[in-house]
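An overview of the molecular structure
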Amino acid sequence: METLMIPDNADQVIDQLRWRYAVKKFDTTRKLPAAAFQPLEDALVLAPSSYGIQPWKFWVVTDDAMKSSLVEHSWGQTQPRDCSHLVVLAVRKNLGETDINHYVERICAVRGVTPESLAGYRKMMLGTVSRMTPEACQEWSTRQVYIALGQLMATAAVLGIDTCPMEGIVNAKYDEILGIAAAGYETVVACPVGYRAADDAYSRTPKVRFPNAEVIVRL
Ligand SMILES: Cc1cc2nc3c(=O)[nH]c(=O)nc-3n(C[C@H](O)[C@H](O)[C@H](O)COP(=O)(O)O)c2cc1C
């Protein structure tokens, strides 16, 4: 019989997820060293997506002037300016055959297989994408981007790094200012990363969640 073990650090992981909250006020004096940000970058890149298609790109903004200019396009919220690294998660516009071919080439390079061996898989992906309206495809791709957001926040929390997921932004302005539209992508959500200010009152506000029994169905 298989022996199931609860990893020793399960409590620590859950404690860190309780410790995480959507930071309203970052400590402007504390910046993440490049080595501390690297695992978060890797967590973004390692996020799973449907078919593995990775219909995304992540902008990482540390330039102070650029970060500050985004406050007025973030409903006046100051986290994009005050954080250490502002991550903007963007979705590929007009996902199509070129992207699928690019992905197939990457599989061949990484796994040492031939394009011919992936012909069926390629056809399946093309079929899925081409059966969708452009709007439905964009919506589907956008859902994948949120998986990366979740993975980024959870990884940061486990590492004791703060974040704030932010949809309260003017996406079109982010697209323009950061060159996201010009690169063929669209802003989905922003995620300032850094360290909480000691006087951010929200860090002491109890977390509001429905009880497990209300949201978990056991069959
Ligand atoms: C997709 C998404 C968008 C959000 N947008 C904002 C935002 O623009 N500004 C903000 O302060 N919080 C934002 N939040 C944070 C939520 O309000 C917060 O996660 C929720 O109230 C639960 O609280 P907690 O994350 O502190 O546990 C957003 C959260 C998510 C998941």
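A brief look at the structure comes next. Just so you know, the residues in each chain are numbered from 1, in the order the chain's sequence is written. Whole-chain, interface and lining totals are the exception, using all residues; otherwise, since this is a predicted model, local features are given only for residues with pLDDT of at least 70 and side-chain atom pairs are given and counted only at 80 or more. Based on all heavy atoms of the structure, the side-chain values leave hydrogens and waters out of the count.

Numbering of helices and strands starts at the N terminus; helices are DSSP runs of H or I of at least 4 residues and strands are runs of E of at least 2. Within the secondary structure, Asp27 sits in the loop between helix 1 (10–19) and helix 2 (34–45). Between the C-alpha atoms of Asp27 and Ala65, which are 38 residues apart in sequence, the distance is 17 Å. Throughout, a residue-residue contact means that at least one pair of heavy atoms, one from each residue, lies within 4.5 Å. In this view, Asp27 contacts Asp82, Tyr195, Arg196 and Ala197; residues no more than four positions away in its chain are not counted.

What follows is about the pairing of strand 2 (residues 85–92). Note on classification: 1.4 Å probe, protein chains only; a residue is buried when its accessible area is under 20% of the maximum for its type, exposed when over 50%, partly exposed between these limits. Taking burial as the measure, the eight residues of strand 2 include seven buried ones, the bulk of the element. By the bridge criterion, six bridges tie strand 1 (residues 56–61) to strand 2 in an arrangement that is antiparallel. In the sheet register, Phe58 faces strand 2, and the bridge partner there is Leu89. The pairing of strand 2 with strand 4 (residues 185–194) spans eight bridges and is classified as antiparallel. Bridged to Val87 within strand 4 is Cys191. One bridge is not enough; two strands pair if DSSP finds at least two bridges between them.

Any carboxyl oxygen of Asp or Glu within 4 Å of a side-chain nitrogen of Lys or Arg constitutes a salt bridge here. In the structure shown here, the tally under the stated rule is eight salt bridges. One salt bridge in this structure joins Arg143 and Glu139, with 3.4 Å as the shortest N-O distance. Of this pair, Arg143 and Glu139 both sit in helix 7 (residues 134–158), separated by four residues, roughly a single helical turn. Overall, the relative accessible area of 44% leaves Glu139 in the partly exposed class. Across the salt bridge formed by Arg196 and Asp162, the nearest N and O atoms sit 2.8 Å from each other. One end of the pair, Arg196, is in the loop between strand 4 and helix 9 (212–215); the other, Asp162, is in strand 3 (residues 162–163), with 34 residues separating them in the sequence. Asp162 matches Arg196 in its accessibility class, with the two residues each being buried.

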